[in-house]
Amino acid sequence: MRTIDWVDGAVEIIDQTVLPKEVRVLRLHTVPELVAAIQSLAVRGAPALGVAGAFGVALAARVHADDPAALAAAVTRVENARPTAVNLARGVRRAAAQLHRGPDAVLAEACAIRDEEVAASQAMAVRGADLVVELCGARPRLLTHCNTGGLAAVVLGTALGVVYELHRRGALAGVVASETRPLLQGARLTAWELSRWGIEHRVAVDSAGPFLMARGEVDGVILGADRICANGDVINKIGTYAHALGARRAGLPFIVVAPESTVDVSTPSGDAVPIEDRGAAEITPWSDAVNPAFDVTPRDLVTAIVTDQRVIRLDRGNRI
Ligand SMILES: CSC[C@@H](O)[C@@H](O)C(=O)COP(=O)(O)O
């Protein structure tokens, strides 16, 4: 099942704001509807955002075919809907590069991006599972954070695709899904996807992660990325850095799985990445708040990055 697609002239997504209580399909016909879905996290996760961005340009190209100024403004709105995951701007720019050839060419490019992400998920699952067995043992217990499944990547996913592949091989002893405050992508979305796949798992509060590692309850950490910088710094959901510190202290492998579409060599390091702050309303009605949605894990805490094309062993000095 594709969690985002182009169907009969509209973008169809599974509304991730209402899972797991309800499986609701949303049809998005306009750029404002698509931007609202991105900003509410009805569609989210770096690879899925790349596809959403490209489909957004396809919507804009149809509606504003005769109005170049309105078309440019709509494309910019989609590109700026969220700032951190590089896939969104990248998907938008790739699709927008076809605008001079007309709406059908834009849609074809967006569908190509979708298909590339599907293929990338399958490649990462196999390569990542091989690496996990090498680094974490034959039947590891893994901790993951946020949601990196098909919901975040059209089908299968990045880190969660690796988890699925290990399960398929009979090479998985357990999964801890870190709940992922404040929007609970782990407790709601990852738990839902693991249940659908028949994979046993336990949800833990985010702050339990480093303690579970110290107590010997997991053999490795595997998660995704929203942007991988030229120096190897990894930008991912807030809480990732704490898990990386815990893994280092416990001597555990810390593995990042992301497609090449998330690798951004034009961003030199984590310092240069705009980190979305989602405001106080998401976390407290009583106080001002600081609510960074992502953090920066420095490259020296990362054991390896698995993409659809390669394994980058940062622990061995490999470079992006
Ligand atoms: C395969 S998804 C990798 C990342 O995009 C994921 O870990 C993440 O941080 C998503 O953040 P979100 O704010 O839910 O879009």
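Values in this document were obtained by computation on a predicted structure and should not be read as measured data.

Section: the sheet that holds strand 3 (residues 25-28)
1) Next: Taken together, the three strands give an open sheet; going across it, the order is 1-2-3, and neighbouring strands pair in antiparallel fashion. Two strands close off the open sheet at either side, each with one partner strand: strand 1 (4-7) and strand 3. The mean angle between the axes of side-by-side strands here comes to 30°, regardless of whether they run parallel or antiparallel.
2) Next: Pairing between strand 2 (residues 10-14) and strand 3: four bridges, direction antiparallel.

Brief notes about the environment of histidine 29
1) Next: Its location among the elements puts histidine 29 in the loop between strand 3 and helix 1 (31-39).
2) Next: With sequence-adjacent residues up to four places away left out, histidine 29 is seen in contact with Ala10 and Leu59.

Focus: the sheet that holds strand 14 (residues 311-312)
1) Next: One open sheet holds the seven strands; their spatial order is 6-5-4-7-10-13-14, and the pairing between them is mixed. Looking along the sheet, the strands with just one partner apiece sit at the ends: strand 6 (202-204) and strand 14.
2) Next: As judged from the three bridges shared by strand 7 (residues 220-223) and strand 10 (residues 254-257), these two strands associate in the parallel manner. Residue pairing in the sheet places valine 221 in a bridge with phenylalanine 254 of strand 10.

Description of the site of the ligand
1) Next: Taken together, the neighbourhood of the ligand is formed by 17 residues, with Arg44, Arg82, Asp226, Asn236 and Lys237 sitting nearest.
2) Next: Between the ligand and arginine 82 there is a distance of 2.8 Å, counted from an oxygen atom to a side-chain nitrogen or oxygen.
3) Next: Within the complex, 100% of the 410 Å² of free accessible area of the ligand lies under protein.
4) Next: Those elements that provide at least two residues to the shell around the ligand are helix 2 (46-63) and strand 9 (234-237).
5) Next: Residue classes in the shell around the ligand are distributed as seven nonpolar, six polar and four charged.

Some points on the pattern of salt bridges
1) Next: Under the defined criterion, the tally for this structure stands at 23 salt bridges.
2) Next: In this structure, glutamate 22 and arginine 24 form a salt bridge, with 3.0 Å as the shortest nitrogen-oxygen distance.
3) Next: Between glutamate 165 and arginine 168 there is a salt bridge, with the nearest N and O atoms lying 2.9 Å from each other. Residue glutamate 165 and its partner arginine 168 are both found in helix 7 (residues 159-168); the two are separated by three residues, about one turn of the helix.
4) Next: Three or more residues are tied together by salt bridges with common partners; here these are Arg2, Asp5, Arg114 and Asp115.

Quick notes on the nonpolar core
1) Next: By size, the foremost hydrophobic cluster in this structure holds 43 residues, and its most contacted members are Ile4, Val11, Ile13, Ile38, Val43 and Phe55.
2) Next: The element that contributes the greatest number of residues to this core is helix 2, accounting for 12 residues.
3) Next: Among the domains, domain 1 (4-116) and domain 2 (124-316) are the pair contributing at least three residues each to this core.
4) Next: Residue contacts for isoleucine 4: discarding those within four places in its chain leaves Val11, Glu12, Ile13, Val43, Ala48, Val51, Ala52, Phe55, Arg114 and Val154.
5) Next: Residues Leu212, Val221, Ala244 and Ile312 belong to the second largest nonpolar core, which totals 25 residues.

Examining the domain arrangement of the protein chain
1) Next: Domain boundaries assigned for the protein chain yield domain 1 (4-116) and domain 2 (124-316).
2) Next: Its C-alpha centre places domain 1 at a distance of 25 Å from the equivalent point of domain 2.
3) Next: Taken together, the 24 residues of domain 1 in the interface contact 28 residues of domain 2.
4) Next: For the pair domain 1 and domain 2, the two sides together bury roughly 2100 Å², of which 55% comes from carbon and sulfur.
5) Next: Applying the counting rule to domain 1 against domain 2 returns two salt bridges.
6) Next: Put simply, aspartate 264 and arginine 90 hold a salt bridge, and the shortest N to O gap is 3.7 Å.
7) Next: The interface formed by domain 1 and domain 2 contains 16 residue pairs in polar contact (both at pLDDT 80 or more).
8) Next: Mapped onto the side of domain 1 that touches domain 2, the elements with two or more residues apiece are helix 2 and helix 4 (86-96).

Concerning the pairing of strand 4 (residues 141-145)
1) Next: Among the five residues of strand 4, four are classified as buried, and the element is accordingly described as predominantly covered.
2) Next: Where strand 4 meets strand 5 (residues 174-178), five bridges bridge the pair, whose relative direction is parallel. Across the sheet, the residue bridging to threonine 144 is alanine 177, located in strand 5.
3) Next: The pairing of strand 4 with strand 7 spans two bridges and is parallel. Within strand 7, the position partnered with leucine 143 by the bridge is valine 221.

Regarding the environment of arginine 24
1) Next: Mapped onto the elements, arginine 24 comes out in the loop between strand 2 and strand 3.
2) Next: When its relative accessible area of 32% is taken as the criterion, arginine 24 is described as partly exposed.
3) Next: Residues arginine 24 and valine 306, spaced 282 residues apart in sequence, show a C-alpha to C-alpha distance of 32 Å.
4) Next: Setting aside chain neighbours within four positions, we find arginine 24 in contact with Ile13, Ile14, Asp15 and Val18.
5) Next: A polar contact is formed between the side chain of arginine 24 and the side chain of glutamate 22, at a distance of 3.0 Å.

Criteria and thresholds
- Residues numbered from 1 in each chain as written.
- Predicted model: local features only at pLDDT ≥ 70, side-chain atom pairs only at ≥ 80, totals over all residues.
- Heavy atoms only, no water.
- Pairing = 2+ DSSP bridges.
- Helix = DSSP H or I, 4+ residues; strand = E, 2+ residues; numbered from the N terminus.
- Axes fitted to C-alpha atoms, helices over the stretch in contact; angles between N-to-C directions.
- Contact = heavy atoms within 4.5 Å.
- Near = heavy atom within 4 Å.
- Polar contact = N/O pair within 3.5 Å; in protein donor to acceptor, adjacent residues only side chain to side chain.
- Areas by Shrake-Rupley, 256 points an atom, 1.4 Å probe, with all protein chains shown as cover.
- Nonpolar A, V, L, I, M, F, W, Y, C, P; charged D, E, K, R; others polar.
- Salt bridge = Lys/Arg side-chain N within 4 Å of Asp/Glu carboxyl O.
- Core = buried A, V, L, I, M, F, W, Y, C linked by side-chain atoms within 4.5 Å.
- Buried < 20%, exposed > 50% of the residue type's maximum accessible area, 1.4 Å probe, protein only.
- Domains from an automatic or database assignment.
- Buried area = accessible area lost by both parts, 1.4 Å probe.

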